[in-house]
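# Breakdown of the fold
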Amino acid sequence: MGISFSLLAFCGALLAQTPSNKLEKVLLDDEGTKLRIKIRGSEPPTFTQSSLAEPPRIVVEISDATLGEIAAVYDVDRAPVTKLTFEKADATSVRATVTFTKEPKYSVTTKDNDVIIEIEVEKRKTPDGTDSTKKDPPPTRPKVSDLPPIPDDPDTAPVSEK
């Protein structure tokens, strides 16, 4: 009886340490002045966050989680975000780190099975130095008075009666 109870307790301890939230996908959504990073898991997540300096970065530690089929490093290159990395923090949690060139405004929230990191990013510049997030005005239609006259077409000209 004592051996079977000990074995049952040992198996229960092993199961308790197996993370249940498998991180399955990373989605990046660039909305012009906001970059949204979604870390999708198999269950609703629990996390803690902190910010660090030298280089500036935020660390999101997702509890009761394990790495699924996601890469360890994502080169983001969307100023001020430079990269996103994932690593196993301990036996039951995963650490996501977002590294910056300078400290931005950001928020970390959850929705359904996602950890969502929203970061204010710099406007992208086009090669000529203009702001790429500004939309071009809609094209204007020419006025009828600006159109050239239609040349006379002998095939469609009215026939005069003689």
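Residues numbered from 1 in each chain as written. Predicted model: local features only at pLDDT ≥ 70, side-chain atom pairs only at ≥ 80, totals over all residues. Heavy atoms only, no water.

Our next topic: the packing of aromatic side chains. Under the criterion given, the structure shown has one aromatic pair. With centroids separated by 6.1 Å and ring planes inclined at 80 degrees, the aromatic side chains of Y74 and F86 adopt a geometry described as edge-to-face. With Y74 in strand β6 (residues 73-78) and F86 in strand β7 (residues 81-90), this residue pair connects regions lying twelve residues apart in the sequence. Note on Y74: relative accessible area 22%, which makes it partly exposed. (Phe/Tyr/Trp six-rings, centres within 6.5 Å; stacked < 30°, edge-to-face > 60°. Helix = DSSP H or I, 4+ residues; strand = E, 2+ residues; numbered from the N terminus. Buried < 20%, exposed > 50% of the residue type's maximum accessible area, 1.4 Å probe, protein only.)

Next up on the list: the sheet that holds strand β1 (residues 21-30). Strand order across the open sheet formed by five strands is β5-β1-β2-β10-β9, with mixed pairing between neighbours. Looking at which strands have only one partner, the edges of the open sheet turn out to be β5 (65-67) and β9 (106-111). Neighbouring strand axes in the sheet, compared pairwise and without regard to direction, differ in orientation by 30 degrees on average. For β9 and strand β10 (residues 114-120), the ladder comprises six bridges, and the chain directions are antiparallel. Across the sheet, residue T110 finds its bridge partner in β10, namely V115. (Pairing = 2+ DSSP bridges. Axes fitted to C-alpha atoms, helices over the stretch in contact; angles between N-to-C directions.)

The next subject is the sheet that holds strand β4 (residues 57-63). Pairing is antiparallel across the open sheet formed by five strands, whose spatial order is β3-β4-β8-β7-β6. Each edge of the open sheet carries a strand with a single partner, namely β3 (47-52) and β6. Sheet twist, expressed as the mean angle between neighbouring strand axes with direction ignored, is 20 degrees. Note: β6 against β7, four bridges, orientation antiparallel. Bridge pairing in β7 links D75 to K83.

By secondary structure assignment, the location of T92 is in the loop between β7 and β8 (93-100). Placed 29 residues apart in sequence, T92 and S63 show a C-alpha to C-alpha distance of 6.4 Å.

Right, let's get into the nonpolar core. With 23 residues, the main nonpolar core has I37, I39, V81, F86, V98, I117 and I119 as its most contacted residues. Elements that contribute at least two residues to this core include exactly β1, β2 (34-41), β4, β7, β8 and β10. The leading source of residues in this core is β8, at four residues. Each residue touching I39, except ones within four places of it in the same chain, is listed here: L23, K25, I62, F86, A96, N113, D114, V115 and I117. (Core = buried A, V, L, I, M, F, W, Y, C linked by side-chain atoms within 4.5 Å. Contact = heavy atoms within 4.5 Å.)

By themselves, these figures tell us nothing about what the structure is for.
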